[in-house]
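Here is what each chain is made of, one letter per residue.
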Amino acid sequence: MASFGSKVFLSLGRTNVSGVGFKKTGNRATYATALTVNSSSTNKARGGKGSTGRRPKRGPGEPRTEKMALDQDWTSVYPAATPFRANAVPLPLRMGYPVKRGIPPEKKGNLELIKIPNFLHLTPAAIRKHCEALKPFCTEWPSALDTDAKCDELFPVKIQSTDYVSAGPSIRNPSARVVHMKVKLSSLNLDDHARKKMLKLVGDRYCKDSDILTIKTESCPLRQQNYDYAMYLLTVLYHESWKIEPWEAEKTRADMEEYSWEDSTSQKNILDTLLRINATGEGEEAEVREQLLGREEVLEYKDSVETLKNEEPSESNMLRYKEAVRKVLKV
Amino acid sequence: MAAPCRHVGHHIQKNGRFLRININQLFACRSFGLTSALQQQATDLHKESKEAIVIPRKKSWNKEAVLEALASTVQRDPTAYPYQFQDDSYLSPRTSIEFKLFSLSQESGRAAAKYFVNSNPKLFTKDFAEPHIPCLMPESVALRLEEVSQEALEERISLRKVSAAVEMYDQLLQSGTAVSMETTHKLLDLICLYCDRDPVQEGTPQTEDREEEEEEDRRRKPMGRQAMDFLKCTWKENNNAERIFNLLPERDARCYSALIRGMVKHGAYAKAFNLYEDLLNNRLSADVHIFNALISAVPDVRKKNNERWDLIAELLNQMNEQKVRPNLLTFNSVLKALRQCSFLAKTFSPQILNEMKALGIAPSLATYEHILTVFFYKSASSGPSNMAILQDVLMELEGTSFTCQDPNDVLFFATAMKLCLDNKDLELGYKVHSLVEVGENWRLLGDSYQQALYYGRFFNLLCLMEHIDVVLKWYSRIVPSLLYPNPQGMKNLLQALDTDSRLDLLPTIWKDIKSLGHDNKVDLVEELLSLMARDEHSAEVQESFAACALDVKSVFGERPKKEWSTSSLSHISILLLRANKLQKAWDMLQLFKDKNRVPSGALLSSFLTACRCSASPQRAVELVQLSAAFSLPTTPELAKRTLAEFELNDKQRSIVSEFEAAPEKEE
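Since we're looking at a predicted model, the values are computed, not measured.

Visitor: Can you lay out the overall build of chain A for me, pointing to particular residues and giving the numbers?
Guide: Scanning chain A from terminus to terminus reveals 14 helices and 4 strands. In chain A, the share of contacts with a sequence separation of at least 24, taken over all contacts with a separation of at least 6, comes to 55%.

Written as structure tokens, this is what we have:
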């Protein structure tokens, strides 16, 4: 991998020979100004050696920012993502840490400006031009699908995948194989049992607030395969949740998703309590229980208990429970 | 589980591309179609009360269509150097010599790298690139098959190893194996193409034989361009091609074709014609390539114009008899041969064009180039009326995009621009340039030499004819990204500046001259100085001129071998004086003495005036002494003026009054 990594830094290796030589010294103050001092001293030295006939050292030409017209087409100067070139960007940029009460170093030979990604090739004018050029590749949006609701209704399953673009020897990126499939459970035809079973099967992948089931597939190497797998999973989940297996009859109270008051300890307790209060002994026990269950306060009590257990406890729930208890126990 | 390759570099993530289920699969067609064909979705069709939902079919395009569309938004950057160079103020070529050096060194580096990759293929087996880039992988250059067989012969032919192939063929013949006709054709083609020599491998050291042959060539053609000789070899008597040809039991037209074309390519013209006679005697019919080769060889076998034309006509007739259909190259070679026939060319070239039209062959740029040369430079009378021809040509070609069909296509633009320059026709020049800017026609400007010719002539035309603002606009557009002007071009620019009296731009032009490397051209610099020093200008212009003059002086100072001339020294002095840089001007006078040049009297009197302005009488005295040292005739006047205008003390007065007398005393 190390050998592979070295090939990729083409952007750093090719530009600005002047600045690169100093990046290893770690002395941040030197790279902007030291170069000019060097060249002028060599020129002076050359003046003394002029008699030997050696040509003076080739100095830098003037940067081409001097020649750029004010109304030039910037999108032609930076047409694609390229590293920062100080002689091609006519902005007086400074970047870097100001050492010893100085100022940030200038842009000439500034490695900090070269390291960071720049978006000089994506100015608003460039984006406008690109959009215009890409319009012929697009088709029109169907006019009948003008609201989100209609889209959701007609196309309930939504697929999301990501494409990656980078500069390197290969155009492939393994992260591009990931597929997210989102569907609203309300658009699937599920009855109560099927819905509960489905929720148990998918577990974490369901978001209660938005009622969206998200399936993320990334186990296959290709995006097409992951898409097919996601579709297969959806189909299988749907059919499985409609099937009723014989062992599902063994569902205990601990497996239930919500609290139901029938046959619960709370019902038993309240009925026992009420029976003891009204220990008249008239009629069968079962009949008395039935009668008690039919009573309004008991029903209210049942509602308040269920609300407390199934929803988040809040002030209003507790108050309601308190009221119901008082009514039932006639306190 | 996926391969853990992470790509460092610039990431641009495009998020959230929505696909819909049940969408049509992409069609396999490669063309980028703009069809807006719509298709009903069978499953998801909900008939709304207002309208049905129709999902349009997804358009398909080929792999590069998106990139090409994005590339069409970008134009040429006028200040950028050619793309192959590093875009850095240190590393971009500023003169034409540097341009050539850098591009040649890039090519040689590339060739060296290719050589290393090819000679060590085992080190370069890992292929990172996706999609695969075949030209970066090692090519097989070493022979694999060693046994004597036809496959081994084919391998040698495909690897372009001429001598090894001939050897293998001889071995095959000796061992009695028959070689198929197909292979023999290929072998003959190979030998004739490379003139029986191995093509020079990139980067390999030259062998001894090569050097001997070079010596021979040099002795034979002392004056010619030796680089061309090095590439061009002459057809030797009874070389391998002829030998193999004679050994063949039956020879068909293709064998003859290979030999004749090889002979014509390498200079054995008479032999080519003899072989053609041979072919006719064997009652074979020649193909179009043979005729093209023979027609291009006609000027070398016949010396007189009408004989040449007769031969060409004869060849064309025979072509007709043998029912061989001529192609574009046939007509182009006829025109090229006609170029050497001066007056005949004018008569016959329109006929050639008509023939082409009758056959439905579209003329290429080379055709037009031959015609233009014939009508303008080979005929005795060429006047402005002939520009009509160029106008017609350009009107016909307007807006067309060309591809290169003939190697001489690249000469068209340079010739056309030369015509416009010679006839000083600016409008036609603009028309030619607009033709260059159509589509990909810039590729037909040719190599850097042709390109420099074209743009140099265009720029000269502009300098001659156009207003200075337009000239400067073009200057900023094409210099130095497309053109490195030569000293003549810069002189034309100076002329244009002078004509429109924009001499204030001279210092910037001097900077450009320096960066182009023309600061060692003495006449150019002198012309610049004389233009600057000729008239008086406003104060800040004079300042800039003085700075420029000092720069010129320092440039001259760096080159000890360059000779100063009197005029340049005096111009610099005048410029410095006008900008009131007295001390520096005084240094100039010292320089006069060092270089043994004599300043003019006018210069010294202006010095005196300047001295008066700055009120330095000592200087004035020194001036008079200097003038006497140079034995100038104006010495007495200077002395008089000094006495009159300055306040001198006695000593100075005595010195000066010595010189007041006539100069005979000084002898």
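Visitor: Describe the overall build of chain B, with residues and values.
Guide: Secondary structure summary: chain B contains 30 helices and 3 strands in total. In the form shown here, chain B has an accessible surface area of approximately 36,500 Å², with 54% of it arising from carbon and sulfur atoms.

Visitor: Summarise the domain arrangement of chain B; cite the residues concerned and give the values.
Guide: All names here are of chain B. Annotation of chain B at the domain level lists domain 1 (2–52), domain 2 (149–200 + 232–284), domain 3 (509–591) and domain 4 (598–667). Here the C-alpha centre of domain 4 lies 25 Å away from the C-alpha centre of domain 3. Counting residues at the interface gives 10 residues for domain 3 and 11 residues for domain 4. Summing both partners gives a buried area of about 1,000 Å² for domain 3 against domain 4, and 79% of it is carried by carbon and sulfur. Taken as a group, Leu582, Trp586 and Leu589 account for 59% of the area that domain 3 buries against domain 4, more than any other trio of residues on that side. Our count for the contact surface shared by domain 3 and domain 4 stands at 0 salt bridges.

Visitor: Explain the pattern of salt bridges residue by residue, including any values.
Guide: Under the defined criterion, the tally for this structure stands at 35 salt bridges over all chains. The closest approach of N and O atoms between Lys491 of chain B and Asp523 of chain B, which form a salt bridge, is 3.1 Å. Of the two residues, Lys491 of chain B sits in helix 21 (residues 487–499) while Asp523 of chain B sits in helix 23 (residues 522–534), which places them 32 residues apart along the sequence. Notably, a salt bridge pairs Arg502 of chain B with Asp504 of chain B, separated by 3.6 Å at the nearest N-O pair. Each of Arg64 and Arg85 of chain A together with Asp77 and Asp87 of chain B takes part in salt bridges that share partners, so that together they form one network.

Visitor: Would you mind going over a nonpolar patch on the surface in detail, with residue names and values included?
Guide: A cluster of nonpolar side chains, Tyr229, Tyr232 and Val236 of chain A, forms an exposed patch at the surface whose accessible area comes to about 270 Å². Note that Tyr232 of chain A resides in helix 10 (residues 223–242).

Visitor: Lay out the packing of aromatic side chains with the relevant residues and their values.
Guide: Scanning all chains against the criterion turns up 20 aromatic pairs over all chains. An angle of 80° between the planes, with centres 6.3 Å apart, marks the rings of Trp261 of chain A and Tyr301 of chain A as edge-to-face. Taken together, the residues span a long stretch of sequence, with Trp261 of chain A in the loop between helix 10 and helix 11 (265–277) and Tyr301 of chain A in helix 13 (residues 296–310) at a distance of 40 residues. An identical accessibility class is assigned to Trp261 of chain A and Tyr301 of chain A; each is buried. Taking 5.8 Å as the distance between ring centres and 35° as the angle between the ring planes, the aromatic pair formed by Tyr301 of chain A and Tyr321 of chain A counts as tilted. A residue pair is termed long-range when its members are at least 10 positions apart, and Tyr301 of chain A in helix 13 and Tyr321 of chain A in helix 14 (residues 315–328) qualify at 20 residues. Its relative accessible area of 27% is what places Tyr321 of chain A among the partly exposed residues. Ring pairing ties together the aromatic residues Phe412, Phe413, Tyr430, Tyr454, Tyr455, Phe458 and Trp474 of chain B, which thus form one cluster.

Visitor: Describe the nonpolar core, with residues and values.
Guide: Core analysis: the biggest nonpolar cluster contains 170 residues, and Leu153, Tyr276, Leu390, Phe412, Phe413, Leu506 and Phe607 of chain B have the highest contact counts within it. Once you skip the residues sitting within four places of it in the chain, Phe607 of chain B turns out to touch Ser573, Leu577, Ala585, Trp586, Leu589 and Leu623 of chain B. Leu190, Met198, Val202 and Ile215 of chain A belong to the second-largest nonpolar core, a separate cluster that totals 17 residues.

Visitor: Got a sec to walk through a negative patch on the surface? Specific residues and values, please.
Guide: Residue and element names in this part refer to chain B. Side chains of Glu277, Glu307, Asp310 and Glu314 sit close together on the surface and give a patch of like negative charge. Considering the arrangement of structural elements, one finds Glu277 in helix 10 (residues 269–281). By relative accessible area, Glu277 is classed as partly exposed at 44%.

Visitor: Go over the confidence of the model for chain B, please, and point to the residues and values.
Guide: Residues and elements named next belong to chain B. Considering every residue of chain B, the mean pLDDT works out to 79; 85% of them sit at 70 or more. In the predicted structure, residues 1–49 sits below a pLDDT of 50 and forms 94 contacts with residues beyond four places in sequence or in another chain. Low confidence marks residues 202–230, where pLDDT is under 50. Its contacts with residues over four positions away, or in another chain, come to 15 contacts. Across the interface, the model reports ipTM at 0.71; the global pTM reads 0.75.

Rules of the game
Residues numbered from 1 in each chain as written. Chains lettered and ligands numbered in written order. Predicted model: local features only at pLDDT ≥ 70, side-chain atom pairs only at ≥ 80, totals over all residues. Heavy atoms only, no water. Helix = DSSP H or I, 4+ residues; strand = E, 2+ residues; numbered from the N terminus. Contact = heavy atoms within 4.5 Å. Areas by Shrake-Rupley, 256 points an atom, 1.4 Å probe, with all protein chains shown as cover. Domains from an automatic or database assignment. Buried area = accessible area lost by both parts, 1.4 Å probe. Salt bridge = Lys/Arg side-chain N within 4 Å of Asp/Glu carboxyl O. Patch = residues over 30% accessible without salt bridge, like charges linked within 9 Å, V, L, I, M, F, W, Y side chains within 5 Å. Phe/Tyr/Trp six-rings, centres within 6.5 Å; stacked < 30°, edge-to-face > 60°. Buried < 20%, exposed > 50% of the residue type's maximum accessible area, 1.4 Å probe, protein only. Core = buried A, V, L, I, M, F, W, Y, C linked by side-chain atoms within 4.5 Å. Lys, Arg positive; Asp, Glu negative; His and termini not counted. Charge placed at Lys NZ, Arg CZ, Asp CG, Glu CD. pLDDT = per-residue confidence, 0-100.

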